[in-house]
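Chains, contacts and geometry: an overview
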Amino acid sequence: MTTKALELPDFSLDPFTPSTPQHVLDEFVLSLRPFLTRVISVFNGKGGQGKTSLASHMAGLLAEGEAAKAAEGQDAGRVLLLEVDAQGNTLHDLGIKGHLDNDQGKSLAIALQFGDMPKIIRNVRSHLDVVPSGKHLEQIPFQMVTMQSKYGQAANLSLAVLLAKLSREYRWIIIDCPPVTKEPQLLALCAARWVLSPVSTGDISSIDGLGGVAYRFNETAHLNPDLELLGAVLFGFAHRYYTDRKTNEKRPVGLWVQARERIQSLLSEAGTDAPVFQAVIRDAETVAVNCRDRGQLSYEVGEAADGIKWWQKAKGETGTVLPTERAEEVGRDYEDLVVEVVERIHEVEMEEAAVA
């Protein structure tokens with residue numbers, strides 16, 4: 001469902017108190033949900049799983065797709081990237097840490113508490129805007145205590161209200177969630193329609209991270225009945241293949257195959273039809289370092305023309321050797337993933353439209 005034909009109500013938490021009846025809160029939640037159908041939270045309950053890289057690349061590629069539509073004269077929207085984490089690494093990924101409008105999350109923290117609009121850094125890329133994040137978001141847990149004493153459970157809907165107000169302007173909204181802090185996680189999951197969960201290894205710690213996702217789902221169920229796991233993404237795995245000498249058939253082998261089987265089995269046991277997406281973001285530490293140092297996404301580094309080749313460096317020429325070919329490969333991994341993600345969302349939306 002799109003929000004274009006819907007009249008945007010004057011959403012506010014002001015009518016709510018800790019004693020507001022549940023049915024009143026339920027009605028408010030139902031009024032919010034049609035405006036949040038394209039909100040994706042990238043979340044895993046364990047750190048180091050690739051959430052920020054995944055969120056930044058998702059936002060960048062979705063915006064690139066909208067820009068391409070606009071160039072062809074088609075109906076195109078904008079993309080908003082929002083990080084509810086005090087680290088602010090999405091700003092590093094996109095090269096805007098030093099932007100004049102980077103208030104390190106101050107306006108976002110104020111917006112969540114008082115219902116104002118946050119500062120937005122416009123046109124970070126074509127059709128891509130970013131809400132700056134940073135150290136001021138460390139105050140969210142303390143703010144939530146104050147807000148809950150005033151609004152009760154409805155306080156957890158403050159981000160949902162903010163994004164519903166912005167929904168007219170954005171076709172896609174991507175939220176980067178912190179791995180540990182409960183309060184911003186709840187805010188993000190109460191706002192999202194979808195959760196995309198990266199998993200960087202197939203060991204028990206990564207599985208525990210997925211368990212953290214399930215736990216938060218249960219906590220937010222009464223405030224977001226539409227929340228659904230979009231799927232899991234294998235992140236940072238070596239692409240290993242075995243080629244049969246007789247048939248020349250190439251098949252994947254190694255840890256990424258084992259991890260896929262294990263995680264898909266766990267998802268099935270949990271009763272969800274969410275997939276482990278076929279696209280696997282490959283392990284490429286040099287690319288990741290170059291991307292963050294340059295403030296560029298992997299496919300942008302792959303297209304960069306300002307580096308020198310390794311043999312030029314060996315001859316004494318000055319400059320930085322960029323892993324452009326490797327970056328192109330990583331960029332294609334992300335592109336393949338975004339295609340799968342969009343196809344899955346469109347498929348669900350068509351099914352829901354048919355039922356309606």
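Right, let's walk through the structure included here. (Residues numbered from 1 in each chain as written. Predicted model: local features only at pLDDT ≥ 70, side-chain atom pairs only at ≥ 80, totals over all residues. Heavy atoms only, no water.)

What about unusual backbone geometry?
To keep it simple, the criterion reads: Helical segments are the DSSP runs of H or I of at least four residues, strand segments are the runs of E of at least two, and each set is numbered from the N terminus.
Despite not being glycine, Gln-104 shows a phi value in the positive range, around 55°. With respect to the secondary-structure elements, Gln-104 resides in the loop between α3 (89-93) and α4 (106-114).

Comments concerning the nonpolar core
Where we set the bar: Residue types Ala, Val, Leu, Ile, Met, Phe, Trp, Tyr and Cys, when buried and joined through side-chain atoms within 4.5 Å, form a set referred to as a nonpolar core. Note on exposure labels: buried denotes an accessible area under 20% of the residue type's maximum, exposed denotes more than 50%, and partly exposed covers the range between, all computed with a 1.4 Å probe on protein chains only. Contact criterion: two residues are considered in contact whenever any of their non-hydrogen atoms come within 4.5 Å of each other.
Among the nonpolar cores identified, the biggest contains 62 residues, and Leu-13, Leu-32, Leu-157, Leu-159, Leu-163 and Ile-175 are the most heavily contacted of them. With seven residues, helix α6 (residues 158-166) is the largest single contributor of residues to this core. Excluding residues within four positions of it along the chain, Leu-157 makes contact with Leu-13, Leu-25, Phe-28, Val-29, Leu-32, Cys-190 and Leu-223. Among the nonpolar cores identified, the runner-up in size contains 43 residues, and Leu-62, Ala-284, Tyr-334 and Ile-345 belong to it.

Details of the sheet that holds strand β10 (residues 276-282)
Put simply, the rule reads: In this description, strands pair whenever DSSP reports at least two bridges between them. All axes are obtained by fitting lines to C-alpha atoms, using only the stretch in contact for helices, and the reported angles, taken between N-to-C directions, cover 0 to 180 degrees.
Judged by pairing direction, the sheet is mixed, and its eight strands sit side by side in the order β3-β4-β2-β5-β1-β6-β7-β10 without closing on themselves. Among the strands making up the open sheet, the edge pair consists of β3 (121-125) and β10. Each strand of the sheet is rotated relative to its neighbour by a mean of 25°, with strand direction disregarded. Bridge analysis of strand β1 (residues 39-42) against strand β6 (residues 194-199) gives three bridges, and the strand direction is parallel. When the sheet's bridge partners are listed, Ser-41 is paired in β6 with Val-195. Each of β1, β2 (79-83), β4 (128-131), β5 (172-176), β6 and β7 (228-237) touches helix α2 (residues 51-71); the most contacted strand, β5, lies at about 170° to it.

Considering the pattern of salt bridges
Heads up, the rule is: Salt bridge criterion: a side-chain nitrogen from Lys or Arg within 4 Å of a carboxyl oxygen from Asp or Glu.
The full count for this structure, using the stated rule, is 19 salt bridges. The partner of Arg-33 in a salt bridge is Asp-226, with the nearest N and O atoms 3.7 Å apart. In this pair, Arg-33 is assigned in the loop between α1 (22-32) and β1 and Asp-226 in the loop between α8 (204-220) and β7, connecting sequence segments 193 residues apart. Of the residues examined, Arg-33 reaches a relative accessible area of 4% and is grouped as buried. Across the salt bridge formed by Glu-66 and Arg-171, the nearest N and O atoms sit 3.3 Å from each other. With Glu-66 in helix α2 and Arg-171 in the loop between α6 and β5, the pair connects residues that are 105 residues apart, well separated along the chain. For Glu-66, a relative accessible area of 3% corresponds to the buried category. Classification of Arg-171 by relative accessible area gives buried; the value is 19%. Because the salt bridges share partners, they merge into one network encompassing Arg-193, Glu-228, Asp-273, Arg-344 and Glu-352.

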